[in-house]
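# Survey of secondary and tertiary structure
In case you want the letters, here they are:
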Protein chains: 2
Amino acid sequence: MTATKSLQDLFVNLLKDVYYAEKQIMKALPKMAKKAESAELRQAFEHHLEETEGQIQRLEKVFELCGVKPAGKTCPAIKGIIEEGEEDMKDAKDADVRDAGMIADAQAVEHYEIARYGTMIAWANQLGMREAASLLKQTLDQEYGADQKLTKLAEGQLNRQAAA
Amino acid sequence: MTATKSLQDLFVNLLKDVYYAEKQIMKALPKMAKKAESAELRQAFEHHLEETEGQIQRLEKVFELCGVKPAGKTCPAIKGIIEEGEEDMKDAKDADVRDAGMIADAQAVEHYEIARYGTMIAWANQLGMREAASLLKQTLDQEYGADQKLTKLAEGQLNRQAAA
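Cut-off values and rules
Residues numbered from 1 in each chain as written. Chains lettered and ligands numbered in written order. Predicted model: local features only at pLDDT ≥ 70, side-chain atom pairs only at ≥ 80, totals over all residues. Heavy atoms only, no water. Helix = DSSP H or I, 4+ residues; strand = E, 2+ residues; numbered from the N terminus. Expected span 1.5 Å × (residues − 1). Buried < 20%, exposed > 50% of the residue type's maximum accessible area, 1.4 Å probe, protein only. Contact = heavy atoms within 4.5 Å. 1 Å grid on protein atoms, 1.4 Å probe; cavity = no way out; pocket = protein on both sides within 12 Å on 5 of 7 lines; lining within 4 Å. Points joined across faces, edges and corners; volume = space filled by probe spheres on them. Core = buried A, V, L, I, M, F, W, Y, C linked by side-chain atoms within 4.5 Å. Least-squares fit on C-alpha atoms with pLDDT ≥ 70 in both. Phe/Tyr/Trp six-rings, centres within 6.5 Å; stacked < 30°, edge-to-face > 60°.

### What to know about helix H3 (residues 76–91) of chain B
Between its first and last C-alpha atoms H3(B) spans 22 Å; for 16 residues at 1.5 Å apiece the expected length is 22 Å, and the two agree. Inspection of H3(B) places B:Pro76, B:Ala77, B:Ile78, B:Gly80, B:Ile81, B:Ile82, B:Glu84, B:Gly85, B:Asp88, B:Met89 and B:Asp91 among the buried residues, and these make up the whole buried set. Next to the buried residues of H3(B) lie helix H1 (7–35), helix H3 (76–91) and helix H4 (95–126) of chain A together with helix H1 (7–35) and helix H4 (95–126) of chain B.

This is the structure in structure tokens:
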């Protein structure tokens, strides 16, 4: 438990939360790629894994700009979202159904990150940390891009199913 | 654990997940309203509580359209997001900081719902359930509206802090 007395405290707290979350996502993505039936979906997960590595490096730069050593803080939200994704993967008894569920769960992850990076950018701007805001904005754009790609894959998959 | 073999199974599974999530949100919102320092924020939480009641009723109509009795299914994602919000409320030692944290955590909730309603609408359309899709779309629009209102409140709060 970390007492938060200022916006700076809140910002660093959320930075640690998201750092932990990105590291959990790094572990989850290869498992999801392995389970993907669709080659496009597998590639999307692999591509996002590479992006996530860069996102972690950007977070480390933001820690440096705050004068704080990079450290994660357990994030119950991402743990819950990933746990739900693992349950869905286990429950799916059909490969196309599993892909549809994985796309949906990956979008839940993306939206968590979109919410968190949006907040961190607003707070960084308020704290006058322009460089941090700019680094976080690069990641936010990637998260939006990943979410849109998943929407397109879902539409493509649904169209294939409809045609089957 | 529910074996999912078809898109219909996946849809009903997610419906139960979101039904559970909305009920958890119903319990969390009054606590957040009570803790809010800003009157505008308190009103935003109270207003969203009313919207959530309507959203639960819409979900019950969608269950009916599926010929399934309304029932929740434990949603680890929302449990984690709400747990994180409760920790943040407890850790905040300053009222404005607590408000800023609650706005951020409420936006994480909204984004979870935006992801889930977006997916349910796509699946409902694919399953030819136009009425269900239309009901879910009404809720999705409210979730986007709630998220935008929170962004405006955050900006207003930050501006006040900057002026202080």
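From this point on, the discussion continues.
### A few points about empty space enclosed by the protein
Under the defined criterion, the tally for this structure stands at four cavities of 30 Å³ or more. The computed volume of the largest cavity comes to approximately 100 Å³. Lining the largest cavity are A:Leu10, A:Asn13, A:Leu14, A:Asp17, A:Lys73, A:Arg116, A:Trp123, B:Glu84, B:Asp88, B:Gly101, B:Ala104 and B:Asp105. Residue assignment for the lining of the largest cavity shows that the elements contributing at least two residues are H1 and H4 of chain A together with H3 and H4 of chain B. Of the residues forming the lining of the largest cavity, the biggest block, four residues, is contributed by H1(A). Roughly 90 Å³ of volume is contained in the second largest cavity. Only H3 and H4 of chain A together with H1 and H4 of chain B provide two or more residues apiece to the lining of the second largest cavity. Broken down by element, the residue count for the lining of the second largest cavity peaks at four residues, all from H1(B).

### Section: the nonpolar core
Of all hydrophobic cores here, the largest spans 54 residues; its most connected members are A:Leu41, A:Phe45, A:Ile78, A:Ile81, B:Leu41, B:Phe45 and B:Ile78. Those residues in contact with A:Phe45 that sit more than four places away from it in its chain are A:Leu29, A:Met32, A:Ala33, A:Met102, A:Ala106 and A:Leu150.

### Brief notes about the relation of the copies chain B and chain A
When chain B is fitted to chain A, the best match, at an RMSD of 0.0 Å, comes from turning it 180 degrees and sliding it 0.0 Å along the axis. Classification of the inter-copy transformation places it as that of a two-fold axis. Mapped onto chain A, 100% of the interface residues of chain B are again interface residues, and the two copies thus contact each other with one and the same surface.

### A few points about the packing of aromatic side chains
The description of an aromatic ring pair uses the distance of the two centres, along with the angle that the planes make with each other. All names here are of chain A. Counted under the stated rule, the structure contains two aromatic pairs over all chains. When the centroid spacing of 5.2 Å and the interplanar angle of 75 degrees are considered together, the rings of Tyr19 and Phe63 count as edge-to-face. Within this pair, whereas Tyr19 is found in helix H1, its partner Phe63 is found in helix H2 (residues 39–66), the two being separated by 44 residues in sequence. Look at Tyr19 and you get buried, because its relative accessible area is 6%. Taking relative accessible area as the criterion, Phe63 reaches 0% and is therefore assigned buried.

Keep in mind these values describe shape, not function.
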